[in-house]
Structures are given as structure tokens and as C-alpha cells.
Amino acid sequence: QTKSESGLLSIVGDLESGQTRHSSLPLFAVPREIELFMRMKKLSKRFSSRASFSTCNLMKPSQLRLLYDQFAILSIDPTDTSSQWSDKGGRFLDAFALKTAQCIDSYPIQLAGESFVPEELSTFCCLDGVTARLMPQAAVAGAMALGWFADEHKLLAFTDGNGVTAFGIAITVYEEVSADDNEQLLECLQNRQRKRAAASLIIRWWRSYAKQIERTSAEATKQDKKSMSQTSPKLSHRVKNLVSSPLQQRRKGRDGLVLHRSFQGGMKKIKKTMTRVSFAGTPSHQNVNSAPRRMTSHEMISIDEPTSVIIAESITSSVSDITRLRAKESFDSMVAERDVIFVQRCYVMIGGDQSQQFLQLRLLKHLIEMDIHKSDSKLELPPNDETTIRHKYLQGISRIDLSKKQSRVRLPSEIAIRQQMPTFKIELPSFDLVDTIPLPLPHVADDWGVAQLFRFLKPEYICSILKLLLVERSLLVVGHSSEVVTSCICALLQLIKPFQWASNWLPLLPLDMIDFVSSPVPFVAGMVCNNAKFAEIIRMNEVKDAMKEGLSVVNLNQGKLIMTKEKGIKTIVEQSPAPIQQLSSFKDRLEVLRDSGDSSLASFSTFLKNGLSREALVTLDAIRNGIKAYVKGFAGDIALSNDGWRQYGKYNENEQFDFYPSLFINPIGEQLKLQEMLCHSQLFVEYVNRKERDSKETAELSKS
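Residues numbered from 1 in each chain as written. Predicted model: local features only at pLDDT ≥ 70, side-chain atom pairs only at ≥ 80, totals over all residues. Heavy atoms only, no water.

(A) Highlighting the overall build of the protein chain. Check the secondary structure of the protein chain and you find 22 helices and 19 strands. Looking at the protein chain as a whole, 41% of its 704 residues qualify as buried. Sequence-distant contacts, at least 24 apart, represent 72% of the contacts inside the protein chain between residues at least 6 apart. When the accessible surface of the protein chain is split by element, carbon and sulfur atoms take 53% of a total near 39,000 Å². (Helix = DSSP H or I, 4+ residues; strand = E, 2+ residues; numbered from the N terminus. Buried < 20%, exposed > 50% of the residue type's maximum accessible area, 1.4 Å probe, protein only. Contact = heavy atoms within 4.5 Å. Areas by Shrake-Rupley, 256 points an atom, 1.4 Å probe, with all protein chains shown as cover.)

Here is the structure:
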């Protein structure tokens, strides 16, 4: 905990309690950025303290290492019709969002007198709220092909004021909900769909009218200029002054009449949309196999349900009658089927070690399959008792862990890369779970996270980001998916070891809390958004001001690093040496492996299912070792031995060690002077020339 952070916690603590150190001073409003910072601090402290409490007090000494400490499922309450839904788009099949999630299950059921607070947990796990989709059964297959119901994976972290971090994971899935058993939810979503359809029609009509007015105004202006150009300049100026007022009055009257008529037509279409309209049948005197004819929009579009489609303003196309009949049959079959409801469910695990996250995700996936597919367990339990089965499963996996011998397994050298490696086998016969995982156990941040960093960013950007973290500058990482963003943030904080990030870090930050970038203390945060939303974020005044004070932004979607505008930082970061050439060769090797068919380097689901190939693991291990050696170089002699720190400080009267930076910096300054003298010597110049000759000879030999 930094001094600035401690002071801020003290100040805001006094404000929240209604006290000030000087009672004569009036209380003032806390700025939003400080309020958001304190809110995130409180939430992190609550979850991290719960995890540490459960580990230290609820378990026996022989059972300290558990796979997780707390589990919860977040979703919506189908019977709660008072909840405030919001639209996640203006299209007919777009989802609806509920800001606050409900905790529908948790295990352990109660912890030290407290249970999960949905508002707090959903802040980290359900950034945009819990979403629901209402669509025809015929559209489900296409929606799945488009990835609308793809699973989302998140890595969580909660840090309290003492720097204790509790890790967690979350998997968000879509579950089909029976419309027959949830009539209230179905009616609520259908009403929302009708309102959105009407609003979309009004917007479409207004845009069409605006274009028409703009076109009419342009034609009238063009005609006025043409008539004026036929008169003499002096007469033209006089006539313009005389007739400009009557022309404007007639134009306003004409525009008002057009607006009135157009609005009446738009309201008629809205009324038709909100009521049942039968399909225009085929005239009896026409032959089905006749030649194609021009059809009007009312003949083309059928509305058999008030929530189906919106009548377009002007749709014309050459469609044969046989095609129209087939479209009618498809539409009727779609309307005959009842709409399907898909609701998000977020499975959350908090606690455990960061090295166990791959195992947590794998076992949590199996639990989700049990819940969704309603697979029967072999336990003697009452039928359809899903909660009891789930709790039995969670109890069974809580003590799954590697033995000491298995945890010491390391990757072989590149020479022995083909040798057989040991495996870790998981067996729970009561739940049809038999799984085998190769050792060493895959690490989500160290393996897949580092692979994503080198997939989306250049090595020079990665080295610059590490330098920014080492000098404690804030960092905002933006990407297209929660898996990529959270794993990259965790990987960055792993790569700065042996140093440890001492301030706040949030793997995921909600978009509505963007003011958090103005936090008075350094932070590392992630955000999921597309390029269009990123363009809006980077133009916000809060972000611009924060970038002047030390904030840098990483855009994984575009592979860019937007450096902070703080004076002097950019020059130091970009011009200081880094092992860019070595890391570039490793990046090329990862690209070759990815192009050769190693899909685990690009797909998180495939990574969870198969892990990474042995070649990819060896390459990533070499990357981590190279960066580790580079970062340790900043610590000098302190990192070389266990007692290296003694020569750079002394113990004070309270028997506490005081570190003196000058004792560490002065020898480095003298060494720089020595290197400056050395590079101007003939000795050094000859050494550079010899390296040049050796490089040319090696290149010629490789060509031959």
C-alpha cells in the first residue's frame, strides 16, 4: 500500500464517517474518481478478506490448500417483473440487459454470517448486466452460428488495502429458459420488443423525412440561384432582397405541410405494427408460375405478430410469386412456433491459487455441462434436485490438487521435447467425470496470456509496457474479449517478477466506470470494447487528462500502444535498451506454430480442452526466462544473491531496514561514465568491426 493511497483512504474514511480532523472545516463532496476508487477498493477488500478468512479459519491445517473458497451462480429472477430492463441495441433480435444480477445459488451457503451480495459480485463478473434474448425458434441455429451464445471466460482479482490478492474465475453461458414456465418474463420481454420496434420505426421515418427535407431544400436553393443568375447583378441584388422573405414563407409552409402529412403516415404505420395485420394473399386471377412482377412494400412484408417485423419505408424488388409463397410458408411456420428465451448465467469461483485457474476452469466447465444438459448423476438423490447435486459436486472437487511430486514437474529441454511426460488424472465416478491433464499443469496467465500478448502486440510495445509498470504508471488495456483482456493483464503482472505490483489492479472495468481512469493512485485495468467504442473512450476528457498524468492505453484490437503524455516518460521508456531482437524471433516462432495448426494459441476454449503443444510451451518458457533476466537486471546486485540488499541500506533505531537509493544509483552512474569512455576507445571500435565481419561471414555461409 503506497503512502498516497494510505492518505487517500484516511481522508475518504473521515468523510464517510462524517468527521474531519478539524471540526470547523465544512464537509465537501467527494469527486467521482475518488468515489469510484474507494468503491472498487471496498469491493476488493470484501472478497479478498472473505477468501483469506475461509482459508485460515474454516479449514483444518491439513486441508489449507483448497481448489476454491467460494462459489456462486448469478442470473435473473424470472418472477421479478419490477426489474428495470435496458436495450442492448435497436435491432429486433438484440438482447435486453438487467443491471443487477441475482445470486441464485452459492456454496458454501453461508460464510462467517455473510452471503454473497449480488450487486457487488456482478460489478466484476457481469460488466454490462445479465442479458436475455427473445427470438423465434427458427432463428436459434443462425444465432449460434454467429456466436451470439458463445461462452465468456474471465480471470478475477481482488486486492485489499494490505496488498493481499484473492484470485477467481468466472464463466458466463446462455441457458434456454422454458417460455411455458416463465410467462411473466416472456410477457415482459415481448412488451420491450414491441416498444423497441415502434421506436425503431419512428427513428427510421424521421431519418427518411430529414433526408427528404434536405433534398427539397437543396433543389429549391439551386432553382433560386438559377433564376437569379439570369438577371443583371444590380437587379439581382434588389430582387433577392424583395422576394427572399416571401420565398422563405412559402418554403416554411410547404415544409410544414409535408411534415404533417408524413407524420400522419408514420403514425398509421406504427398502429399497423402494434396490431395484427394479415398477410396479403395471392390474387386468384394470377398464375403462380407467371413471370416476375414489381411488388409493393405492403405485398412483400407480412406482419402476423405485433413483435415480428417493422414495415420499411420503401422496399421494392422483383420477386416471383412462387418465392413470395415460400416466404409466406416460412414466416407462418416461424410464427406458429413459440419464441425462445435465452438467459445468461454466470458461474463464479473465488479463492485458490493462481496456478490452479486452469484446473478450476476445467472442472467448472464440467459442472456447467451437467447443469445445461441436465445429466443424471449416480448419486441417490431426489429427482430434479439440481442444487443438491451441484453442491455434492462442488464438495467433491474442492480438495482436488496436485501432489508435491506432480507440482514439481517442469518442462523438458528442447532436445528432450518428445519424451513422455507424466499426467494428472481426475476421477469422480458419481458424476461421470474422468479427466486427464498433462503435466506441468497449464498456467492461464503465464502460458495463454503471454501467447496473446505476443499475438497482438509487437515486442517493442511489450517491453515499453513493462517499463511503464516498473515505474508505476497507470495502464488501461482494451480488447475485444474478456478472455484476452484479463489473461493479458495477469500475464503483464507476472512478467515483471521478481517485482510485485503494489497498487490496485482490475482485470475488468465496466464501461460506465470509465471515470476510474482519473484515480489518484497508479492502477492497471482492463476493458472490453470494439474499435468504435474505443474511439469514443480515447476522446473523452477524463482519459485525455489522465494521459497527461501518466496513463498509457494499450489497444489489443489494433495492436497499438498509446504512450502517456507525461513529460520525460516517453523518451526514457522508448530509448532505454530492451531485448527486442530476441523476443522478435520468439514471436515469429509462435506465429509459425499458430499457422501450422496449433489452434490453442488463438482459441481459449481449445486451450482449456487440449492445453498447448509442447513446442509452444517451450517457446513461451524461453520468452519468460528472457524477460525475467531483463527485468532482474534493473535490480542489480540485489537480485544476484540473498544478501545483496545489505550493502544498500542500514537498520534504524527501531530495528527496521532503511533502503538508501543513492547507494544503489551512484555505482550505476559511475559505470555509465566508464561505458561512455569505453565506447570512444579504439578497443571498442575494433570490437564492433569484428562483430560486423563475423555477421557477414555467417550470412554468406547460410546462403551457400
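(B) Structural context of the environment of Ser487. Relative to the helices and strands, Ser487 resides in helix α14 (residues 482-495). As for Ser487 and Ala451, which are separated by 36 residues in sequence, their C-alpha atoms are 9.6 Å apart. Once residues lying within four places of it in the same chain are set aside, the contact partners of Ser487 are Leu155, Ala445, Trp448, Gly449 and Gln452.

(C) Region of the structure containing the pattern of salt bridges. Per the counting criterion, the structure on display carries 20 salt bridges. Residues Asp447 and Arg624 are paired through a salt bridge, measuring 3.1 Å at the closest nitrogen-oxygen approach. Within this pair, whereas Asp447 is found in helix α12 (residues 444-456), its partner Arg624 is found in helix α20 (residues 614-632), the two being separated by 177 residues in sequence. Pair check on accessibility: Asp447 and Arg624 agree, each one buried. Several salt bridges converge on common partners, so that one network encompasses Asp87, Arg192 and Arg196. (Salt bridge = Lys/Arg side-chain N within 4 Å of Asp/Glu carboxyl O.)

(D) Region of interest: the packing of helix α13 (residues 459-470) against helix α18 (residues 580-595). Orientation of α13 relative to α18, taken along the N-to-C sense of each, is 125°, at an axis distance of 9 Å. As summarised for this structure, α13 and α18 are arranged oblique, according to the angle between their axes. As for the relative orientation of α13 and α18, their crossing is right-handed in sense. Every residue of α18 that contacts α13 at Pro459, Glu460 and Cys463 is listed here: Ile580, Leu583, Ser584 and Lys587. Considering only residue class, the contact of α13 with α18 consists of four nonpolar, one polar and two charged. (Axes fitted to C-alpha atoms, helices over the stretch in contact; angles between N-to-C directions. Parallel < 35°, antiparallel > 145°, perpendicular 65-115°, else oblique. Left-handed = near helix turned anticlockwise from the far one by under 90°. Nonpolar A, V, L, I, M, F, W, Y, C, P; charged D, E, K, R; others polar.)

(E) Structural context of a nonpolar patch on the surface. Taken together, the side chains of Leu678, Leu683, Phe684, Tyr687 and Val688 make up a nonpolar region of the molecular surface, amounting to roughly 460 Å² of accessible area. It is helix α22 (residues 682-703) that provides the largest number of residues to the nonpolar patch, a total of four residues. Position of Leu683 among the secondary structure elements: in helix α22. Note on Leu683: relative accessible area 66%, which makes it exposed. (Patch = residues over 30% accessible without salt bridge, like charges linked within 9 Å, V, L, I, M, F, W, Y side chains within 5 Å.)

(F) Layout of α14. Taking 1.5 Å of rise per residue, 14 residues should cover 20 Å, and α14 covers 20 Å from first to last C-alpha, within 8% of that figure. Most of α14 is tucked away, with 14 of its 14 residues classed as buried. (Expected span 1.5 Å × (residues − 1).)

(G) The arrangement of the environment of Leu66 in detail. By secondary structure assignment, the location of Leu66 is in the loop between α2 (32-57) and β1 (70-75). For Leu66, a relative accessible area of 8% gives the class buried. The spatial distance from the C-alpha of Leu66 to the C-alpha of Asp401 is 7.5 Å, given a sequence separation of 335 residues.

(H) Molecular detail of the nonpolar core. Membership of the largest hydrophobic core comes to 91 residues, with the highest contact counts inside it found for Phe71 and Ile397. Looking at which element gives the most residues to this core, the answer is α14, with nine residues. Once residues lying within four places of it in the same chain are set aside, the contact partners of Ile397 are Leu67, Tyr68, Met349, Leu363 and Leu428. (Core = buried A, V, L, I, M, F, W, Y, C linked by side-chain atoms within 4.5 Å.)

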